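Examining the three-dimensional arrangement
Next come the chains, spelled out residue by residue.
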Amino acid sequence: LSFHIESDSDAADTIRAIHACGIHAGIAVSPDTPTETVFPLLHNLKPDDFILLMTVYPGLGGQAFLPYVLPKIRTLRERISSEQLPLHIEVDGGIAGDTGRQCREAGADYLVSGSYIFRSADPGAAVRSLRAEK
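As the structure is a computational prediction, the values presented were derived from the model and not from experiment.

**What to know about the overall build of the protein**
- Secondary structure summary: the protein contains five helices and five strands in total.
- Its helices and strands taken in sequence order, the protein reads β-α-β-β-α-β-α-β-α-α from the N to the C terminus.
- For 134 residues, the compact-globule formula gives about 14 Å, and the C-alpha radius of gyration of the protein, at 15 Å, lands near that figure.
- Along the first, second and third principal axes, the C-alpha set of the protein runs to 45 × 30 × 30 Å.

Okay, structure coming up:
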């Protein structure tokens, strides 16, 4: 279950509440929010929790991928790796074959893709393109 860091809730309390339900917690970050905003919370997360970097503005499907989020993925990957944290990076928004590859190369673990798959003439081929090796 993910929540937006930009919400009015206390983020650490929200993470604890999610964990109390026995599920993985995720922190969603809108495109214009600095990635560093989540750094103080990384140690509140448990193994296999995640940070969800939005690669479009939340709210409407089918938006174009915002490439300026790619360096944010790299920054977060470097921080998670340097601290040897067992966390994942998920990206959501405008994910297609080419943008999915760019996100994986930048350090993303999970890709969320809706329009690309469900508007495709061949959804299976679309999924396979997202799973293609780097």
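**Things to note about the nonpolar core**
- Ile27, Ile51, Leu53 and Ile73 are the most contacted members of the largest nonpolar core, which totals 34 residues.
- For this core, the secondary-structure elements that each account for two or more residues are helix H1 (11-20), strand E2 (26-29), strand E3 (50-54), helix H2 (70-82), strand E4 (88-92), helix H3 (97-106) and helix H5 (123-131).
- Excluding anything up to four places from it in sequence, Ile51 contacts Ile27, Val29, Val38, Leu42, Leu45, Leu76, His88, Ile89 and Glu90.
- Membership of the second largest hydrophobic core comes to five residues, among which are Ala28, Phe50, Leu52 and Met54.

**Some words on the pattern of salt bridges**
- One pass over the full model with this rule turns up four salt bridges.
- The partner of Arg16 in a salt bridge is Asp13, with the nearest N and O atoms 2.3 Å apart. Of this pair, Arg16 and Asp13 both sit in helix H1, three residues apart, which is roughly one turn of the helix.
- Owing to a relative accessible area of 46%, Arg16 belongs among the partly exposed residues under this scheme.
- When its relative accessible area of 42% is taken as the criterion, Asp13 is described as partly exposed.
- When the shortest N-O distance is used, the salt bridge between Arg77 and Asp109 registers 2.7 Å. Taken as a pair, Arg77 in helix H2 and Asp109 in the loop between H3 and strand E5 (110-112) lie far apart in primary sequence, 32 residues in all.

**Here's the deal with the sheet that holds E2**
- Strand order in the open sheet formed by five strands is E1-E2-E3-E4-E5, with parallel pairing between adjacent strands. Edge strands, defined here as strands with exactly one partner in the open sheet, are strand E1 (2-4) and E5. On average, adjacent strands in this sheet sit at an angle of 25 degrees to one another, irrespective of strand direction.
- Bridge analysis of E3 against E4 gives five bridges, and the strand direction is parallel. Paired with Leu53 across the bridge in E4 is Val91.
- Its contacts with the sheet put H2 on E3 and E4, and the angle it makes with E4 is roughly 165 degrees.

Calculation notes
- Residues numbered from 1 in each chain as written.
- Predicted model: local features only at pLDDT ≥ 70, side-chain atom pairs only at ≥ 80, totals over all residues.
- Heavy atoms only, no water.
- Helix = DSSP H or I, 4+ residues; strand = E, 2+ residues; numbered from the N terminus.
- Rg over C-alpha atoms; globule rule 2.2 N^0.38 Å.
- Core = buried A, V, L, I, M, F, W, Y, C linked by side-chain atoms within 4.5 Å.
- Buried < 20%, exposed > 50% of the residue type's maximum accessible area, 1.4 Å probe, protein only.
- Contact = heavy atoms within 4.5 Å.
- Salt bridge = Lys/Arg side-chain N within 4 Å of Asp/Glu carboxyl O.
- Pairing = 2+ DSSP bridges.
- Axes fitted to C-alpha atoms, helices over the stretch in contact; angles between N-to-C directions.

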